[in-house]
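Listed below are the residues making up each chain.
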Amino acid sequence: MIDFYAAKTPNARKISIMLEECDARYQAHMIDIGKGEQFSPEFLRVNPNAKIPAIVDQGEPTPVSVFESAAILIYLGEKFGRLLPTTGAARASCISWTVWQVANVGPMFGQANHFTNVTTEECPYAVERFSKEAARLIHVMETRLGVEPYLAGTYSIADIAVFPWIRVALDPMARARPELIGETPNIRRWFGEVGARPAVQRGIAFAT
Ligand SMILES: N[C@@H](CCC(=O)N[C@@H](CS)C(=O)NCC(=O)O)C(=O)O
């Protein structure tokens, strides 16, 4: 059994999708980050950095805590032997694109959304800076998906890492900026294929 600490956010949905793809036995524990539950002493023992997602794998001789979504995706890929190539160039590519998501797409989309939609202060410099970088990342992804069907060639944890963030940007109900996506036929083709997977649909439906 895997304890999964989560909230209704794209970062958490990466992990619910991966748990579903792996047919893992898991129990979700919702952390109310609006109320500051991530700072409770119990949760800080799981993730000293006070952020969801995090997991505790109770299925090992000694429980294993993992935090940071990329680390969790790699841990689950190795544990279940799924969606993470084991050697060579394929593994390097998969890890590169997975880390690309957590180091770039998450922070930049998050900041672009924050300064555009969340803060009540006018911050034109920050809006411009983060929106431009988010648009550049979309261009990088669109170019990549023009030469490969999936980010690392075959469907992998890298696609799972990015999918919930593109979903937020595409969703007209979301507060993120759909105009950032623009004319991106390759991303839309990829989004349709990834989104049609039953495990992805179950992972997205999690906690909605
Ligand atoms: N780099 C982290 C980002 C995690 C993150 O930003 N989590 C947010 C929710 S999506 C959070 O827990 N925020 C609570 C806070 O900042 O206090 C990852 O990929 O896991």
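Before going into details, it helps to say that this report is about the structure given with it. Because the structure is predicted, anything quoted here is derived from the model rather than measured. (Residues numbered from 1 in each chain as written. Predicted model: local features only at pLDDT ≥ 70, side-chain atom pairs only at ≥ 80, totals over all residues.)

1. Things to note about helix H4 (residues 88–118)
- Spanning 31 residues, H4 covers 42 Å between terminal C-alpha atoms, matching the ideal 45 Å at 1.5 Å per step.
- Largest kink in H4: about 35 degrees, centred on glutamine 101.
- Among all positions of H4, only Cys94, Ile95, Trp97, Thr98, Gln101, Val105, Met108, Phe109, Ala112, Asn113 and Phe115 are buried.
- Contacts made by the buried residues of H4 are with helix H3 (69–80), helix H5 (124–147) and helix H6 (157–170). (Helix = DSSP H or I, 4+ residues; strand = E, 2+ residues; numbered from the N terminus. Expected span 1.5 Å × (residues − 1). Bend = angle between axes of the 7 residues up to and from the residue. Buried ≥ 20, exposed ≤ 12 C-beta atoms within 10 Å, placed from the backbone. Contact = placed C-beta atoms within 7 Å.)

2. A look at the site of the ligand
- Lining the immediate environment of the ligand, one finds 13 residues, of which Thr9, Asn11, Ile33, Lys51 and Ser69 sit closest.
- Residues belonging to the shell around the ligand are distributed by class as follows: six nonpolar, five polar and two charged. (Near = placed C-beta within 6 Å. Nonpolar A, V, L, I, M, F, W, Y, C, P; charged D, E, K, R; others polar.)

3. Here's the deal with the packing of H3 against H6
- The geometry of H3 relative to H6 is characterised by a closest axis approach of 10 Å and an angle of 145 degrees between their N-to-C directions. Handedness of the crossing formed by H3 with H6: right-handed. Every residue of H6 that contacts H3 at Ser69, Ala70, Leu73, Ile74 and Gly77 is listed here: Ile157, Ile160 and Ala161.
- Tallied by class, residues from the contact of H3 with H6 come to six nonpolar, two polar and no charged. (Axes fitted to C-alpha atoms, helices over the stretch in contact; angles between N-to-C directions. Left-handed = near helix turned anticlockwise from the far one by under 90°.)

4. Comments concerning helix H1 (residues 10–21)
- For H1, with 12 residues, the first-to-last C-alpha span of 16 Å sits near the 16 Å given by 1.5 Å per residue.
- Along H1, 12 of the 12 residues are buried, which leaves the element largely enclosed by surrounding structure.
- Restricting attention to buried positions, one finds in H1 the residues Pro10, Asn11, Ala12, Arg13, Lys14, Ile15, Ser16, Ile17, Met18, Leu19, Glu20 and Glu21.
- Of the residues trailing H1, aspartate 23 is marked for its positive phi of about 50 degrees.

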